[in-house]
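Spelled out from the first residue to the last, the chains are:
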Amino acid sequence: GAAMAIEDSYVLATCLSKTLNTQQALQQYQDLRIKRTTDIQRGAAENAGLYHMSTPIERSKLSVLIGLNHLGVSATLASKKLDTIYGVNVVERNA
C-alpha cells in the first residue's frame, strides 16, 4: 500500500503541475493510474487465497509451495511476481 501511495502522489503532483485545470489534471491522473491500480488490486485478491487455505486440497497446494521453497523455486517465482509491484519506475513511466 505504501509503495502505491508514493506512486499515486507523484503522478498526481505531476498531473497537477502541468495544467491549471484541476478537472483535466484529475482525469489525466485517473487515465494514467487505472490500469496499474486495477492490476495491483487483482493480484492482491488472488494472493489472499494463499493466506487463507483451509480445505485439504488448498493445504496440499501450500505443501507443494513450501517444498518448492526448499528448492529455491518459490523464492524465484515470488521475486518475479513482486517485480510487477516494486519494479516499476513511475518517474520514467510518467516523464
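Criteria and thresholds
- Counting of residues starts from 1 at the beginning of each chain's written sequence and follows it residue by residue.
- Note on the predicted model: pLDDT of at least 70 is required for a residue's local features to be given, and 80 or more for side-chain atom pairs to be given and counted; whole-chain, interface and lining totals, by contrast, use all residues.
- Side-chain descriptors were evaluated using all non-hydrogen atoms of the structure, hydrogens and water having been removed beforehand.
- Counting from the N terminus, the helices are DSSP H or I runs at least four residues long and the strands are E runs at least two residues long.
- Expected helix span is computed as 1.5 Å times (number of residues minus one).
- The cut-offs for exposure are 20% and 50% of the maximum accessible area for each residue type, with area from a 1.4 Å probe on protein chains only; residues under the lower value are buried, those over the upper are exposed, and the others partly exposed.
- Regarding the arc, it is the one traced by the directions from the helix axis to the C-beta atoms.
- Put simply, a salt bridge is a Lys or Arg side-chain nitrogen that is within 4 Å of an Asp or Glu carboxyl oxygen.

Enquirer: For this particular structure, what's the right way to read helix 1 (residues 2-17)?
Expert: One turn of the α-helix equals 3.6 residues, which is why residues spaced by three or four share an orientation. Here helix 1 spans 22 Å end to end across 16 residues, near enough to the 22 Å set by a 1.5 Å rise per residue. If you check which residues of helix 1 are buried, you get Met4, Glu7, Val11, Thr14 and Cys15. Take helix 1 and look down its axis: the buried residues cluster within an arc of 100°, on one side only. With respect to the buried face of helix 1, the exposed residues turned more than 90 degrees away are Ala2, Ile6 and Ser17.

Enquirer: Sorry, what's going on with the pattern of salt bridges here?
Expert: Side chains bearing opposite charge may pair, as long as their charged atoms lie close to each other. Summed over the entire model, instances satisfying the criterion amount to five salt bridges. Note that Glu7 is salt-bridged to Arg33, the shortest N-O span being 3.0 Å. Taken together, the positions of Glu7 in helix 1 and Arg33 in helix 2 (residues 22-51) put the pair 26 residues apart, joining distant regions of the chain. The pair Glu7 / Arg33 is uniform in exposure class, with both members buried.

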